[in-house]
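Descriptive analysis of the structure
Each chain, letter by letter, is given below.
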Amino acid sequence: MYLAANGRPDAPPRPPGAGRRVPAAVLALGAVSLVTDISSEMVTAVLPLYLVLGLGLTPLQFGFLDGMFNGATALVRLLGGRLADRRGHHKRVAGAGYLLSALSRLGLLLAGGATGGIAAALAADRLGKGIRTAPRDALISLSGPPESLGRSFGVHRAMDTTGALLGPLAAFAVLWATADAYDAVFAVSFCTGLLGVLLLVVYVPAAPGPAAAPPARRHPPRRPVLRDPAFRRVLCAAALLGATTIGDAFLYLLLLRGLDLPPALFTLLPLGAAAVYLLLAVPAGRLADRAADPSGRRTGRRTAFLLGHCALLGAYALLLAPVSPPTVVGVLVLLGVFYAATDGVLMALAAPALPAAGRAGGLAVLQTGQALARLLGAAGFGAAWTLWGQRPALWAAALALAGALAAASRILPAAPPTAAPEAP
């Protein structure tokens, strides 16, 4: 059994069932993410149709807008993390991000057909998402005991994914009921986003839970997170593995080409992977929290993170064989396993290495590094596909991921990372 008080015999006993309960703050944040993702995915599902078919933008113009703002999101996370750590106002900064995203739907409604107004609304949505991500994950990590972080993040990610699955269904229901009135989708999305902000204000506590340290200082922690060797190793491993991740869209495109399926099915493939992710996020988090050896050292999160990338490598291997209907199912299942074993688990793995006063900023650095690495990985695979062809590019990606897994198994700390004592 893991002893939170360094194994001292005089440590107070934990309340019965404390390790099995998910903190109320985590459930509240999960509800906020669920509702917000319904709002967000309603717009995401119809935006290409609205911009390309409704307003006449070319695919190149739409791709430029979407790619530019998605890239900016990764960098804005650093700002959100720093602001949250500056005075310990994680809830306020996260709330500002959620509110900004909700108001962006109103911006789409008011923009009409003006390209400038649409670009401003999309920018506000991406800025809001970037600002809120790190403070939200810091709140999750500070709201419960360290030994149950995997479960907490798993529950949150499962609720978040539920919203992502319901959003497109809600959008198409609104379009069906209103005879393809895109403004109605934006209006419903705006109201749903405001509901998410209201849930955050009412049900998410301003102060973190029992896992938090004393109140945060007025200034950022004196010890930069990148000077911590354990966190630095987690960051390097995550970036290395991220650089060998080719991107979901490429996997779905390979499936469509392998079976010569109609392009309309492209939009349905992500739902299969998301459904697997939803089913496995909580079990994966619980398994990651378990001790991996009799000494009580919790290395399960490290193992789960590496095994998740092994699942991704398995998806690459399936695509190297002749594609058949079972291949489609296998790739979607393995992709869902990959996200279930890595997304929240990585946050649970890194959070204990960060001091409470620098938790949001540290997680922002990790998320930004991983996002930029994945962006480079996707761009590299696209270039390799263009230069060498589909199959050689996939072989190169599989070999690169296998090498990155071997390196990451050496880089990741064998013992669970813990934060260094903060200076008084």
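Because the structure is a prediction, the values reported are computed rather than measured. (Residues numbered from 1 in each chain as written. Predicted model: local features only at pLDDT ≥ 70, side-chain atom pairs only at ≥ 80, totals over all residues. Heavy atoms only, no water.)

A look at the side chain of T192
Mapped onto the elements, T192 comes out in helix α6 (residues 182-203). Reaching out from T192, the side chain makes a polar contact with the backbone oxygen of V188 at a distance of 2.8 Å. (Helix = DSSP H or I, 4+ residues; strand = E, 2+ residues; numbered from the N terminus. Polar contact = N/O pair within 3.5 Å; in protein donor to acceptor, adjacent residues only side chain to side chain.)

Notes on the environment of L253
Relative to the helices and strands, L253 is located in helix α8 (residues 248-259). We classify L253 as partly exposed; its relative accessible area is 30%. (Buried < 20%, exposed > 50% of the residue type's maximum accessible area, 1.4 Å probe, protein only.)

Points about empty space enclosed by the protein
Going through the model one piece at a time under the given rule, you end up with 1 cavity of 30 Å³ or more. Its residues assigned to classes, the lining of the largest cavity shows 6 nonpolar, 4 polar and 2 charged. (1 Å grid on protein atoms, 1.4 Å probe; cavity = no way out; pocket = protein on both sides within 12 Å on 5 of 7 lines; lining within 4 Å. Points joined across faces, edges and corners; volume = space filled by probe spheres on them. Nonpolar A, V, L, I, M, F, W, Y, C, P; charged D, E, K, R; others polar.)

Focus on the environment of S189
For S189, the location among the structural elements is in helix α6. Along the chain, S189 and S40 lie 149 residues apart, while their C-alpha atoms are 7.1 Å from each other. Ignoring any residue separated from it by four or fewer positions in sequence, one finds S189 in contact with S39, M42, V43 and R105. (Contact = heavy atoms within 4.5 Å.)

Considering the packing of aromatic side chains
Within the structure shown, the criterion is met by 5 aromatic pairs. Ring centres 5.0 Å apart and planes at 70 degrees place the aromatic pair F250 and F381 in the edge-to-face group. In this pair, F250 sits in helix α8 while F381 sits in helix α12 (residues 359-388), placing the two residues 131 residues apart along the sequence. On the numbers, 6.2 Å between centres and 35 degrees between planes, the contact of Y277 with Y339 is tilted. Placement of the pair is Y277 in helix α9 (residues 269-289) and Y339 in helix α11 (residues 325-350), with a sequence separation of 62 residues. (Phe/Tyr/Trp six-rings, centres within 6.5 Å; stacked < 30°, edge-to-face > 60°.)

Here's the deal with the pattern of salt bridges
Across all of its chains, the model carries 6 salt bridges by this definition. Residues D125 and R105 are paired through a salt bridge, measuring 2.7 Å at the closest nitrogen-oxygen approach. Pair noted here: D125 is in helix α4 (residues 115-142) and R105 is in helix α3 (residues 90-111), with a separation of 20 residues, a long-range link. The residues D125 and R105 share a single accessibility class, namely buried. Across the pair R157 and D343 runs a salt bridge whose closest N-O atoms are separated by 3.3 Å. (Salt bridge = Lys/Arg side-chain N within 4 Å of Asp/Glu carboxyl O.)

Digging into the packing of α8 against α9
With their axes 10 Å apart at the nearest point, α8 and α9 run at an angle of 125 degrees to one another. With respect to each other, α8 and α9 are oriented oblique. Read as a crossing pair, α8 and α9 show a hand that is right-handed. Between α8 and α9, the contacting residues are Y252, L255 and L256 on the first element and L269, P270 and A273 on the second. A class-by-class count of the residues in the contact of α8 with α9 yields 6 nonpolar, no polar and no charged. (Axes fitted to C-alpha atoms, helices over the stretch in contact; angles between N-to-C directions. Parallel < 35°, antiparallel > 145°, perpendicular 65-115°, else oblique. Left-handed = near helix turned anticlockwise from the far one by under 90°.)

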